[in-house]
Amino acid sequence: MPEARFKGITLGILTTSLVVGILIPNIEFVLGLLGSTMGMLIALILPSILFIKVNSKASAERLLAQTIMLVGIVLIVTGTYLNLAHIYKVQAEQTEVVIANMIKNDLDPNLPNIEKQISKEGKAAEAVPGGGDCHQERTRGS
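Visitor: Any chance you could explain the side chain of Ser-36 here in plain terms?
Guide: Looking at where Ser-36 falls in the secondary structure, it is placed in helix α2 (residues 27-54). A distance of 3.5 Å separates the side chain of Ser-36 from the side chain of Thr-80, its partner in a polar contact. Ignoring anything within four residues of it in the chain, the contact list for Ser-36 reads Ile-76, Gly-79 and Thr-80.

In structure tokens, the structure reads:
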């Protein structure tokens, strides 16, 4: 392999890894997807494909290899679905905890800007520059 091609492939793999690492900070998600796809691919599908390519005559062994390959494909789809469902469930639980904490602290979870609500209620006027009267000044000036 030419050195330029090797360096290009290496740079591509490193760049892809960096981008995935930045965009998906939860390593559990990445490892779960890799395990559900690559594990079945290496353990079941690739050996079956290689056996089917080598053994060209129709036999019971070839049929078994085709069945194993089909089972591997079904397991990849099932594992990926279950992994994505688990990640969705975890994110939903984390969101519920955040909303419960906001309600416990008398904050409205529907407001996009919590600082406005904090200053409006007068609980932490220092959270907004200029004190807690910014809402009242805007209504007086209108």
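Visitor: Just to check I follow, could you spell out the packing of α2 against helix α3 (residues 60-104) for this structure?
Guide: Packed helices, taken two at a time, are described by their axes: the angle between them and the distance between them. Direction vectors running N to C along α2 and α3 enclose 175 degrees, while the axes themselves pass 8 Å from each other. On the basis of the axis angle, α2 is roughly antiparallel to α3. Classifying every residue of the contact of α2 with α3 by side-chain character gives 17 nonpolar, 10 polar and three charged.

Visitor: Please clarify how α2 should be interpreted in this entry.
Guide: Structural remark: α-helix, 3.6 residues per turn; residues separated by three or four positions point the same way. Here α2 spans 38 Å end to end across 28 residues, near enough to the 40 Å set by a 1.5 Å rise per residue. Remark: the principal bend of α2, roughly 45 degrees, maps to Leu-41. Of all the residues in α2, the buried ones are Phe-29, Val-30, Ser-36, Ile-45, Ser-48 and Ile-52. Summarising the contacts, the buried residues of α2 are in contact with α1 (3-23) and α3.

Reading the values: the criteria
Residues numbered from 1 in each chain as written. Predicted model: local features only at pLDDT ≥ 70, side-chain atom pairs only at ≥ 80, totals over all residues. Heavy atoms only, no water. Helix = DSSP H or I, 4+ residues; strand = E, 2+ residues; numbered from the N terminus. Polar contact = N/O pair within 3.5 Å; in protein donor to acceptor, adjacent residues only side chain to side chain. Contact = heavy atoms within 4.5 Å. Axes fitted to C-alpha atoms, helices over the stretch in contact; angles between N-to-C directions. Parallel < 35°, antiparallel > 145°, perpendicular 65-115°, else oblique. Nonpolar A, V, L, I, M, F, W, Y, C, P; charged D, E, K, R; others polar. Expected span 1.5 Å × (residues − 1). Bend = angle between axes of the 7 residues up to and from the residue. Buried < 20%, exposed > 50% of the residue type's maximum accessible area, 1.4 Å probe, protein only.

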